[in-house]
Amino acid sequence: MRARVRALVDALVVLALAAYAIPFFWQLLTSFKPEAELLRVPPLLPSRLTFSHYQVVFSQSLMPRALGNSLGIATLTTVLSLAAGVPAAYAVARLPLPGKRWLLLAIVASTAFPQIATVSPLYLLMRALELRDTWAGLILVHASFALPLTIWLLAGFVRWVVVPLLAPGLASTALLTFLFSWNEFLFAYTFTVSEASRTIPVALALFPGVFEVPWGDIAAASILASLPPVVIVIALQRFLVRGLVAGAVKE
């Protein structure tokens, strides 16, 4: 009976995952459909596959530059967050600090401020420091929002392991920081004005045409924007699960 219940639960989980993945596969299918078949309801499958949408994305859009910007900004944000977060997390976890639990609570609470509430003063600060429309400005802003989560996750992990065994915790924290920076839209949209530092979410938002919506090209661009984080998550999923489970804060 227990085996049947487990099999039923596994089947429901697979169905839920399949339903969750349907939009992604639909977008993938759309990116390979000929232009004339995009608005045709039947049949669902294209009569032939075309790479014309990807050719348009690579040759006539800002997506290649935006991909490079996102990869560079997200990677440097992750490096900066870990460089500052690892010593801070170790100090919080291992040193006899007074009010340690309240300190961790304050660190986590700092992430509760909505981005829209801080974008105006940050915009003025970026403009005063002449960091608007630069990688450095976005990296500093993204790292400032990712650092509390970095410290909290690694502090919980350091409690139970020694430094040489921090790899799973570092991998999971780095992955979450990278994904946060990759997907962040509000600051990237506010602090950039040209393709020099425009990231993938902003490029996708500005992709539609003036008089028509190129659905096939947008589908191809969204697939290209999704591939790097999907590949990274698949490659690091083992470390992500181990790091999050082992790093759970236990008090």
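Before going into details, it helps to say that this report is about the structure given with it. (Residues numbered from 1 in each chain as written. Predicted model: local features only at pLDDT ≥ 70, side-chain atom pairs only at ≥ 80, totals over all residues. Heavy atoms only, no water.)

### A few points about the overall build of the protein
Formally: Helix and strand definitions here come from DSSP, where helices need a minimum of 4 consecutive H or I residues and strands a minimum of 2 consecutive E residues; each element is numbered from the N-terminal end. Only protein chains enter the calculation, and the probe is 1.4 Å; a residue is then buried if its accessible area is under 20% of its type maximum, exposed if over 50%, and partly exposed in between. Where accessible areas are quoted, they stem from the Shrake-Rupley method and a 1.4 Å probe; at the residue level, only the protein chains shown are allowed to cover.
In terms of regular secondary structure, the protein is built from 10 helices and 0 strands. Taking all 251 residues of the protein together, the buried fraction comes to 38%. For the protein, the computed accessible surface area is about 14600 Å², with 72% contributed by carbon and sulfur atoms.

### Structural notes on the nonpolar core
Keep this limit in mind: Definition of nonpolar core: a set of buried residues of the types Ala, Val, Leu, Ile, Met, Phe, Trp, Tyr and Cys, connected through side-chain atoms within 4.5 Å. Here a residue-residue contact requires only that any non-hydrogen atoms of the pair lie within 4.5 Å.
Residues Val57, Met63, Ile200 and Phe207 are the most contacted members of the largest nonpolar core, which totals 19 residues. Among the secondary structure elements, those contributing two or more residues to this core are α2 (52–60), α3 (63–94), α7 (167–183), α9 (200–205) and α10 (215–246). Apart from residues lying up to four places away in sequence, Val57 is in contact with Met63, Pro64, Phe207, Asp217, Ala220, Ala221 and Leu224.

### Quick notes on helix α5 (residues 115–128)
Put simply, the rule is: Under the convention used throughout, the expected extent of a helix is 1.5 Å for every residue step, that is, one less than its residue count. Bending is quantified residue by residue as the angle between axes fitted to the seven-residue window ending at that residue and the seven-residue window starting at it.
Here α5 is 14 residues long and its end C-alpha atoms lie 20 Å apart, about the 20 Å a rise of 1.5 Å per residue gives. Maximal helix bending in α5 amounts to about 30°, located at Pro121. Along α5, the residues that are buried comprise Thr118, Val119, Leu122 and Met126. Looking at the buried residues of α5, the elements they touch are α6 (135–158) and α8 (186–190). Backbone geometry just downstream of α5 places Glu130 in the positive-phi region, at approximately 60°.

### Examining the layout of surface pockets
The test is simple: Of the two site types, the cavity is a set of points on a 1 Å grid over the protein atoms alone where a 1.4 Å probe fits but cannot get out, and the pocket is an open set with protein on both sides within 12 Å along at least five of seven lines, each lined by residues with an atom within 4 Å of a point. Grid points are joined across faces, edges and corners, and a volume is the space filled by probe spheres set on the points. Note on residue categories: nonpolar means Ala, Val, Leu, Ile, Met, Phe, Trp, Tyr, Cys or Pro, charged means Asp, Glu, Lys or Arg, and polar means any other residue, Gly included.
In this structure, the largest pocket encloses a volume near 310 Å³. Lining the largest pocket are Tyr20, Ala21, Pro23, Phe24, Pro229, Val230, Val233 and Ile234. Secondary-structure elements contributing two or more residues to the lining of the largest pocket are α1 (2–31) and α10. Per-class residue counts for the lining of the largest pocket are 8 nonpolar, no polar and no charged. What lines the second largest pocket is Val56, Gln60, Ser61, Leu62, Met63, Arg198, Ala203, Leu206, Phe207 and Pro214. In terms of residue class, the lining of the second largest pocket is made up of 7 nonpolar, 2 polar and 1 charged.

### A word on a nonpolar patch on the surface
Cut-off, in case you're wondering: Patch membership needs two things, relative accessible area over 30% and no salt bridge, and members are linked within 9 Å if like-charged or within 5 Å if nonpolar (Val, Leu, Ile, Met, Phe, Trp, Tyr). The term salt bridge refers to a side-chain nitrogen of Lys or Arg lying within 4 Å of a carboxyl oxygen of Asp or Glu.
A contiguous nonpolar patch, built from Met1, Val5, Val9, Val13 and Leu17 and spanning about 510 Å² of accessible area, is present on the exposed surface. Mapped onto the secondary structure, Val5 falls in helix α1. Among the residues examined, Val5 registers a relative accessible area of 43% and is labelled partly exposed.

### Let's talk about the packing of aromatic side chains
Defined as follows: Aromatic pairs are defined between Phe, Tyr and Trp rings, using the six-membered ring for Trp, whenever the two ring centres lie within 6.5 Å; interplanar angles under 30 degrees are classed as stacked, those over 60 as edge-to-face, and all others as tilted.
Using the criterion set out here, one finds 8 aromatic pairs in the structure. The rings of Tyr123, Phe145, Phe187 and Phe191 are connected pair by pair, giving a single aromatic cluster.

### Observations regarding α1
Taking 1.5 Å as the rise per residue, α1 with 30 residues should run 44 Å; its terminal C-alpha atoms sit 44 Å apart, in good agreement. Along α1, the sharpest change in direction is near 40° and occurs at Ile22; proline Pro23 comes one to four residues later.

### Looking at the side chain of Ser181
Using the following cut-off: Pairing of N or O atoms within 3.5 Å defines a polar contact, subject to two protein rules: one partner must be a possible hydrogen donor and the other a possible acceptor, and residues neighboring in sequence count only if both atoms are side-chain atoms.
Mapping Ser181 onto the fold places it in helix α7. Here the side chain of Ser181 touches His142 through a polar contact of 2.8 Å, side chain to side chain. Setting aside residues up to four positions removed in sequence, Ser181 forms contacts with Ile73, Ala74, Thr77 and His142.

### Quick notes on the packing of α5 against α6
Inclusion rule: To obtain an axis, a line is fitted to C-alpha atoms, over the contacting stretch when the element is a helix, and the angle between two such axes runs from 0 to 180 degrees between their N-to-C directions. Crossing handedness is defined as follows: a turn of the near helix away from the far one that is anticlockwise and smaller than a right angle gives a left-handed crossing, while the clockwise case is right-handed.
In the contact formed by α5 and α6, the axes pass within 12 Å of each other and the chain directions differ by 145°. The hand of the α5/α6 crossing is right-handed. Two secondary-structure elements touch here, α5 through Gln115, Thr118, Leu122 and Met126 and α6 through Gly137, Val141 and Phe145. The class makeup of the residues in the contact of α5 with α6 is 4 nonpolar, 3 polar and no charged.

### A few points about the environment of Ser194
One can find Ser194 in the loop between α8 and α9. Here the alpha-carbon distance between Ser194 and Leu62, two residues 132 residues apart in the chain, equals 9.9 Å.

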